[in-house]
Amino acid sequence: MRGVNQAFQFVGHIKAVSRVDLRARVEGFLEEVAFREGQTVRTGDLLYQVEKVQFQAQLDQAKANLASAEAVVTNAQLQYDRQLSLSQRQYTPQSTVDQSKADLDSAKANVLQMKAALTQAEVNLGYTEIRSPIDGRIGRTAYTIGNLVNPASGVLATIVSQNPIYVLFPVSVRDLELIREARREEGGGLAKIEIRVRLSSGAEYPQRGVWDLTDPQVDQQTDTLIMRATIPNPDGQLIDGQFVAAEIRRRQEEPRLVIPQAALQFDQTGYYALVVDDQHKVQQRRIKTGPNRDADVVVTAGLQEGDNVIVDGIQKVQPGQVVQANVLAPEATNK
């Protein structure tokens, strides 16, 4: 018997939590590409510098226009106050006062227009600096220094966040019910689970993921839905788009019967193991298996604790044959 986490394995892929395509918001020639392709960037880092001379000139012009419009408002206010005072003493007609008031309102409206133009000029000047909106790793640049860029130039470069990262995997509706049933505890609660990732090389990724999303919609064509887990990626070992094996495990181990994988045999009927009984005879036992655990495999039916299974020399024996068995230590059976 061995403590084993009940597990379900699926084919999944890695997806970045955030992915940003950098684009130009204004037109101009690139004066600087301030990063090295493939490097890690931080939020706010300068990545591209578009020439800013013309946009600085537009900003200065907008400031001058605003100052001129405010001067007109000042003069219009004085004219209106003067005409209003004369009107109160019956020295000027009401129509002149009304005209002065209209001129003042028009001048104030022009100030609002100049302020809006100033804001737009400031924004356009700011767009000449393209900065990183997230932490992550930046890819190749599509444009180098001296090239003309504008909003129609497409993606300049892409930034992909690194840590943490998502692992997504499709789960059939049937498997989802099995997972829920496996998590159900005697008290009615659900056992906590963790997500483990196995790389294409077969190695298990050391960090553990936390399940955080089950898609609320089922794909009608495949009868599956997407599950997602968030997993730490401090060293950047997991890469956006990478295929992995995702495994759902209960955090709490349960005692399960296991045998070394070397003892597991297979024929047209299914799995079996060769057992040496009390009479030193070889017997064939049909077994049902569960998930693999390192060098062992879980046996759900066909064997009992204490049975002696053959792990070495299987090709030399036949069922019913009397043999002399040498018991190996558990450490030796796992080699």
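Attention in this report is confined to the structure presented alongside it.

Conventions and cut-offs
Residues numbered from 1 in each chain as written. Predicted model: local features only at pLDDT ≥ 70, side-chain atom pairs only at ≥ 80, totals over all residues. Heavy atoms only, no water. Phe/Tyr/Trp six-rings, centres within 6.5 Å; stacked < 30°, edge-to-face > 60°. Helix = DSSP H or I, 4+ residues; strand = E, 2+ residues; numbered from the N terminus. Buried < 20%, exposed > 50% of the residue type's maximum accessible area, 1.4 Å probe, protein only. Lys NZ or Arg CZ within 6 Å of the ring centre and 35° of its normal. Expected span 1.5 Å × (residues − 1). Contact = heavy atoms within 4.5 Å. Pairing = 2+ DSSP bridges. Axes fitted to C-alpha atoms, helices over the stretch in contact; angles between N-to-C directions. Parallel < 35°, antiparallel > 145°, perpendicular 65-115°, else oblique. Left-handed = near helix turned anticlockwise from the far one by under 90°. Nonpolar A, V, L, I, M, F, W, Y, C, P; charged D, E, K, R; others polar.

### With respect to the packing of aromatic side chains
Argument step 1. Throughout the structure, instances matching the rule amount to three aromatic pairs.
Argument step 2. Ring centres of Phe10 and Phe169 lie 5.7 Å apart, and the angle between their planes is 15°; on these two criteria the pair is classed as stacked. Of this pair, Phe10 sits in strand E2 (residues 7-16) while Phe169 sits in strand E11 (residues 165-172), and the two are 159 residues apart along the sequence. Comparing Phe10 with Phe169, the two get one shared label, buried.
Argument step 3. Pairing Phe35 with Tyr48 gives two aromatic rings, centres 5.3 Å apart and planes at 80°, and the pair type is edge-to-face. Linking Phe35 in the loop between strand E4 (28-33) and strand E5 (40-41) with Tyr48 in strand E6 (residues 46-50), this pair joins segments that are 13 residues apart in sequence. Across the pair, Tyr48 and Phe35 agree in class, each one buried.
Argument step 4. Above the face of the Tyr166 ring, Arg228 is positioned so that its terminal group lies 4.0 Å from the ring centre.

### Let's talk about unusual backbone geometry
Argument step 1. The omega torsion of the bond from Asn163 to Pro164 falls at 0°, within 30 degrees of zero and hence cis.
Argument step 2. Within the secondary structure layout, Pro164 lies in the loop between strand E10 (157-160) and E11.
Argument step 3. Of note, the phi angle at Gln90 is positive, near 65°, even though the residue is not glycine.
Argument step 4. Here Gln90 is to be found in the loop between helix H1 (53-88) and helix H2 (94-126).
Argument step 5. Positive phi values are uncommon outside glycine, yet His280 reaches one of about 65°.
Argument step 6. Relative to the assigned elements, His280 resides in the loop between strand E19 (271-276) and strand E20 (282-286).

### Some points on H1
Argument step 1. Under the 1.5 Å per step criterion, the end-to-end length of H1 is 53 Å for 36 residues, consistent within 8% with the ideal 52 Å.
Argument step 2. Summarising the contacts, the buried residues of H1 are in contact with H2.
Argument step 3. Looking one or two residues beyond H1, the residue adopting positive phi is Gln90, at roughly 65°.

### Quick notes on the sheet that holds E10
Argument step 1. Taken in spatial order, the four strands of this open sheet run E3-E10-E8-E5, and their pairing is antiparallel. Because the sheet does not close on itself, it has two edges, and the strands there are strand E3 (19-22) and E5.
Argument step 2. In the sheet, E3 pairs with E10 via four bridges, with the strands oriented antiparallel. Residue pairing in the sheet places Val20 in a bridge with Ile159 of E10.

### Examining the packing of H1 against H2
Argument step 1. Relative to each other, H1 and H2 sit at 165°, their axes nearing to 8 Å. Looking at the two axes, H1 sits roughly antiparallel to H2. In the crossing of H1 with H2, the sense of the turn from one axis to the other is left-handed.
Argument step 2. Split by residue class, the contact of H1 with H2 holds 19 nonpolar, twelve polar and seven charged.

### Topic: the pairing of E6
Regular strands have side chains that alternate between both faces of the sheet.
Argument step 1. Across the five residues that make up E6, a large majority, four, are buried.
Argument step 2. Pairing analysis gives three bridges linking E4 to E6, with the strands arranged antiparallel. Bridging across to E6, Glu32 finds its partner in Gln49.
Argument step 3. The sheet contact formed by E6 and strand E7 (residues 129-131) spans three bridges and is antiparallel. Paired with Tyr48 across the bridge in E7 is Ile130.

### Quick word on the environment of Gln318
Argument step 1. Relative to the helices and strands, Gln318 resides in the loop between strand E23 (308-309) and helix H4 (330-333).
Argument step 2. Linking Gln318 and Ala71, residues 247 residues apart in sequence, is a C-alpha distance of 108 Å.

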